[in-house]
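# Coordinate inspection notes
Take a look at the letters that make up each chain.
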Amino acid sequence: MSAAEPAPSQTSAKPGHLGRSLPRFEDAALLTGRGRFLDDLPVGPATLQAAILRSPHAHARIVKLDVSAARALPGVAAVLTSAEVQALSAPLVVGVKAPMTCWPIATDRVRYVGEPVAVVVAADRYLAEDALEAIAIDYAPLPAVVDPERALAAEAPVLHEGLGGNLASDRSFRYGDPEAAFETAAHRIGITVRYPRNAVTPIETYGMVCEWDPGEDGYEVTANFQGPFSIHAVIARSLKVPGNRLRLKTPRDSGGSFGVKQGMFPVIVLMALAARLAGRPVKWIEDRLEHLTASVSATNRVVTLAAAVEADGKITALDWDQLEDVGAHLRAPEPATLYRMHGNLTGAYDIRNLAVRNRVVVTNKTPTGLNRGFGGPQVYFALERLVQKIAVTLGLDPVAVIRRNLIPAGAFPYRTASGGLYDSGDYQKALETALRDGGHAALVEKRDRVRAAGGLYGIGFATVVEPSVSNMGYVSTVMTAAERAKAGPKNGAQATATVALDPVGGVSVHVASVPQGQGHRTVLAQTVADSLGLEPAQIRVVAELDTARDAWSIASGNYASRFAAAVAGTAHLAAEQLKAKLARLAAAQLNVPAEALVFEGGRVCAADTPDNAIPFARLAATAHWAPGTIPEAAGQALRETVYWTPPQLTAPTPDDQVNSSLCHGFILDICGVAVERASGRVVIDRYVTMHDCGRVLHPGMVEGQIVGGFANAVGAALYEEYAYGPDGAFLAGSFADYLVPTVAEVPRPEILHVETPSPFTPLGAKGVGEGNCMSTPVAIANAVADALGVEDVILPLTPARVRALLDEPEPPAPAGTAPAAPPKRAGGRALAGTGSAGFAAPPQRIWDTLLDPATLEAIVPGCHKVEKLSETRFLAEVTLGVGPVKGRYSVEVALSDLVEPASVTLTASASGALGTGAGQGHVRLAATPEGGTRLDYDYEADVGGKVAAVGGRLLDGAARLVIGQFFAALGRQAGGGTKGGGATDGGATDGAGAAGPWTGLLGRLLRLLGIGS
């Protein structure tokens, strides 16, 4: 069968509903507010609410953990700590054979900011959150490491003592003869890239309701978990119950996932144990700060990639060195991100020689997991940046290098050097069509015109093979062949679908894949309606999953772009099998051969005599009302369940070849960007994306998937990054600092298609939901590199990074602009500022007020008490809020360099459940001619933990507000109030020298939001 031919099962006598953009059945409820998301589902009156105490440190020993006060609070039902977790459960599965243990809660120490330390279960979420502050915990901070290359150094702090270092896995592979290819090549051209850490951000965060049944000694969990359901076995193993004692239910509606909701399984274990401990159901809904800080993110990766290249640009070998940062724990299914693309390391290119080294390292960052693209962005960023460098080095057009290396159209199915089996494609046709219909020539003309006028304009390309329907065995490539043989075979993929008939002839469809926004109900209805000759509106699709009731396997779930190719295809097979049984039943009633019957228009009739017919509903109901009339050959005609497993997904071979995915789409992107020289802003001028995703089942939804992936990728390329301080403090805990692009920042891409249906899938479809997450970041990067004429670019390409690449002096600040703020300290979230305040009271009175504990207790915002430890040391208990977080802190202040009543240096440290802080400030007092006091101050501080994650914008504003409140209260207490151009009520001057705007109504609104006390 040639690559362009459809599989036999996808042929049809008449065009049907598939291939048309029908209105989505899902949208009516979603657009009118009638979606039922997890937090909307009713719960029993006995259900408790949970809150999680999380580590403010990236690395620290837990010196003391006392939860007795929290347990004693009214309304608190239970407090779960590592003691209970270790007594009632087993560690989570570690992704490699290594001497390391992974619990869902910190035990002896914490290893990343946001790691769970305790869980409080109470009558409501408010009580649970308040009880967190009653937990007494002391940490002994340890050195942290966040850079994967530094983590390999001998002197780096070790996260898991059993490893003896931070290297969790080191595997090397060789395919073909790469050494000979490099030796004989005209050129060796290499590149080193660092792909940053980022994440998708679904509107709906993690959520679950967990219940323990002591009679069954089992658990029931309702969660917006997406799969893969291999994780079901991981959860059951950790909870120490057999799989049939863990009932996992997933509701119909989801506010998105994009892979990330796979990562909730450690919290499912915690909440299930909390329910057992409390003896009542427990509900937990993750807040946005928790999601950004502690849910899974994509891996960051350092790649050194070299190519053996002939003079004409032909690539004969690749040498990969990949260093994968999986964060603090190597949790299942990791290191899947590193190995998902193993069969695709040569991309769309015909390269027969390959050397690979894969290393996995742990650092003091959030553990990683599934994110849209899942390994593809990291691989293609390196490969396609290298292809552009080859073109630049050899003085060739990048299109010529791409064209020279593409896999020939007649080579499909094509086996890659590392074992991938590409099902179909005509990459040359896709390339030439994209160049012609995408206006490439006009882009080149525009680039020349803009450059001639002194502007910056570049064109970038990306050529990507998009894998879909993962082979469960690819992760085992991390093991040696001997280790795999000992562990037993792991391979394949399985999709499950059931088509059932009810007593009045209605048709229902159920699949083991819960939608995350892809339109399951619409496409499945189209698919089954085409088989049975019905209208899609007549098909009911059951879109939730219950492992105690429904057909499923460990490969079930909504991941790896498997819906169109595997799930919808399996529903088609089930419908066709049921149709065949109904045809045999109808043949007996209509006295015509089964093969001569046609299902269309809600009837079953003879093809040559349409009047010889029976209504579909009557025929479908026969098995219910008159089972005795069914011919023995027809069998039962009530329902058909199909488990589909493609034979192409075999286990890794002894020489480590693996077909890591079943289907392989093709993408060719062309990107034109303008770069604003003064600001460094990158403007996407035109974006063309060519796709071959096999047979297109629903053009409108395919376009939506492409545009959605493109929007995710624009964020990764230009805006989004999980930023960490050198001490491991997480610095991107709000959308003020983790910048997700809006519709205003995402241009509309021009989408083109060619179709080469897959011979490996029942409907000829391939996946399409992740490809632009793989292609777009590197296409934009290549375009920016072309515009600037630079070799090395680092994502995200923020204006500051682009300005640095320009290597030009900064333009002068506009007239009237304040000078830059003083430099900030390294580590954590750095704050710094200067300011002044005027008082009517003389300096001595201000001095005495500043050093009096009773007075300080009255004027420090949010202060509960101040204790004088010595003449120069004070201990205070204060409550402060920043944006969405508010907490109680113990603050120790030491005074030094005292010159009474002229100057003093204050050194402070603070700790609390929500974070830590340390800093230093200088205060100077001077008498004014009017007999008052001018006070000047400067400060610099670091904050860590949950507060640091809120973001610099909120912290800077909150600092100005609190300082302003303090000096206003100081003036009132000392007598005479404040005066002059310094701080006023609710405001303070900062490093810009201007009064803060925290006055009047605005100040009160900010207080309501928790900014200030």
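Quantities reported herein were computed from a predicted structural model and do not represent experimental measurements.

On to the overall build of the protein, then. Helices and strands together make up the secondary structure of the protein, namely 26 helices and 37 strands. Expected size for 1013 residues packed as a compact globule is a radius of gyration near 31 Å; at 32 Å, the protein falls within 12% of this value. Taken over the C-alpha atoms alone, the protein extends approximately 110 × 75 × 55 Å along its principal axes. Of the contacts made within the protein by residues no fewer than 6 positions apart, 76% connect residues no fewer than 24 positions apart. Summed over its atoms, the accessible surface of the protein is roughly 37100 Å², and 55% of this surface lies on carbon and sulfur atoms.

To continue, consider the sheet that holds strand β24 (residues 603-606). With respect to topology, 3 strands assemble into an open sheet ordered β23-β24-β25, the strand pairing being antiparallel. Every other strand in the sheet has two partners, leaving β23 (597-600) and β25 (613-615) as the edge strands with one partner each. Neighbour to neighbour, the strand axes of the sheet diverge by 20° on average, direction disregarded. In this sheet, β25 lies alongside β24 in antiparallel orientation, the contact comprising 3 bridges. When the bridges of β25 are listed, C605 appears paired with A613. Set on the sheet, helix α18 (residues 616-625) makes contact with β23, β24 and β25; between it and β25 the angle comes to about 70°.

Turning our attention to the UniProt feature "domain: Aldehyde oxidase/xanthine dehydrogenase a/b hammerhead" (unreviewed entry) in the protein. Under the present numbering, the feature "domain: Aldehyde oxidase/xanthine dehydrogenase a/b hammerhead" (unreviewed entry) in UniProt falls on residues 32-143. Secondary structure content for residues 32-143 is 17% helix and 30% strand, while the C-alpha to C-alpha distance between its ends is 51 Å.

Scanning all chains against the criterion turns up 43 salt bridges. Here R54 and E290 are joined by a salt bridge, their closest N and O atoms 3.1 Å apart. Taken as a pair, R54 in strand β1 (residues 48-54) and E290 in helix α9 (residues 288-294) lie far apart in primary sequence, 236 residues in all. By relative accessible area, E290 is classed as buried at 4%. With its nearest N and O atoms 3.1 Å apart, the salt bridge here joins E161 to R109. Of this pair, E161 sits in the loop between α5 (148-151) and β7 (167-175) while R109 sits in strand β4 (residues 109-110), and the two are 52 residues apart along the sequence. A residue is classified by how much of its surface remains accessible, and R109, at 7% relative accessible area, is buried.

What follows deals with unusual backbone geometry. E334 connects to P335 through a cis peptide bond whose omega is 10°. Of note, the bond from F412 into P413 is cis; its omega dihedral lies within 30 degrees of zero at -10°. Relative to the helices and strands, P413 resides in the loop between α12 (398-405) and β16 (414-415). Its identity as a non-glycine residue notwithstanding, F374 has a phi of 35°, on the positive side. Tracing the chain through its elements places F374 in the loop between β15 (353-361) and α11 (376-394). Positive phi values are uncommon outside glycine, yet N591 reaches one of about 60°. Positionally, N591 belongs in the loop between α17 (563-590) and β23.

Here the focus is helix α21 (residues 799-806). When we look at burial in α21, the residues that qualify are V802, R803 and L806. An end-on view of α21 places all buried positions within 100° of arc, on one side of the element. Opposite the packed face of α21, turned more than 90 degrees from it, sit the exposed residues A800 and A804. Residues of α21 that are buried in the fold lie against β18 (456-470), β27 (661-675), β28 (682-692) and α20 (771-788).

Our next topic: the environment of L895. Structurally, L895 can be placed in strand β33 (residues 885-899). Counting along the chain gives 359 residues from L895 to P536, while the straight-line C-alpha distance between them is 76 Å. Here L895 is in contact with L851, T872, F874, V904, T905 and L906, once residues within four sequence places are set aside.

Each domain of the protein was delimited in the assignment, giving domain 1 (27-33 + 494-644), domain 2 (38-142 + 202-294), domain 3 (161-198 + 297-476 + 659-805) and domain 4 (829-1008). Across the boundary between the two partners, domain 2 contributes 32 residues, which contact 34 residues of domain 3. For the domain 2 face of the interface with domain 3, the top three residues by lost area are Y112, F258 and L292, together amounting to 23%. The interface formed by domain 2 and domain 3 includes 1 salt bridge. Scanning the region where domain 2 abuts domain 3 turns up 11 residue pairs in polar contact (both at pLDDT 80 or more).

Moving on, we come to the confidence of the model for the protein. In the predicted model, the protein carries a mean pLDDT of 90, and 91% of its residues have values of at least 70. Segment residues 1-13: pLDDT under 50, and 25 contacts once partners within four positions in sequence are set aside and those in other chains are kept. Confidence drops under a pLDDT of 50 for residues 980-1002, and excluding neighbours within four residues, the segment shows 53 contacts in the predicted structure.

On to the nonpolar core. Ranked by size, the top nonpolar core spans 167 residues in total, and within it M271, L318 and W320 carry the most contacts. The element that contributes the greatest number of residues to this core is helix α8 (residues 265-278), accounting for 11 residues. In this structure, L524, A606, F616 and A637 belong to the second largest nonpolar core, which totals 58 residues.

Right, let's get into the sheet that holds strand β19 (residues 495-501). The 4 strands are arranged β21-β20-β19-β26 in an open sheet whose pairing can be described as mixed. If you trace the sheet from one side to the other, it starts and ends with β21 (539-542) and β26 (639-644), each paired once. The average angle at which neighbouring strand axes cross in this sheet is 15°, direction not considered. Strand direction decides the pairing type here: β19 and β26, joined by 6 bridges, are antiparallel. In the strand pairing of β26, T498 is matched with T641.

Before going further, it helps to examine the environment of I137. By secondary structure assignment, the location of I137 is in strand β6 (residues 136-141). Those residues in contact with I137 that lie beyond four places of it in its chain are I62, K64, L65 and V117.

Reading the values: rules and limits
- Residues numbered from 1 in each chain as written.
- Predicted model: local features only at pLDDT ≥ 70, side-chain atom pairs only at ≥ 80, totals over all residues.
- Heavy atoms only, no water.
- Helix = DSSP H or I, 4+ residues; strand = E, 2+ residues; numbered from the N terminus.
- Rg over C-alpha atoms; globule rule 2.2 N^0.38 Å.
- Contact = heavy atoms within 4.5 Å.
- Areas by Shrake-Rupley, 256 points an atom, 1.4 Å probe, with all protein chains shown as cover.
- Pairing = 2+ DSSP bridges.
- Axes fitted to C-alpha atoms, helices over the stretch in contact; angles between N-to-C directions.
- UniProt positions renumbered as here; feature names shortened; annotations may be inferred.
- Salt bridge = Lys/Arg side-chain N within 4 Å of Asp/Glu carboxyl O.
- Buried < 20%, exposed > 50% of the residue type's maximum accessible area, 1.4 Å probe, protein only.
- Arc of directions from axis to C-beta.
- Domains from an automatic or database assignment.
- Buried area = accessible area lost by both parts, 1.4 Å probe.
- Polar contact = N/O pair within 3.5 Å; in protein donor to acceptor, adjacent residues only side chain to side chain.
- pLDDT = per-residue confidence, 0-100.
- Core = buried A, V, L, I, M, F, W, Y, C linked by side-chain atoms within 4.5 Å.

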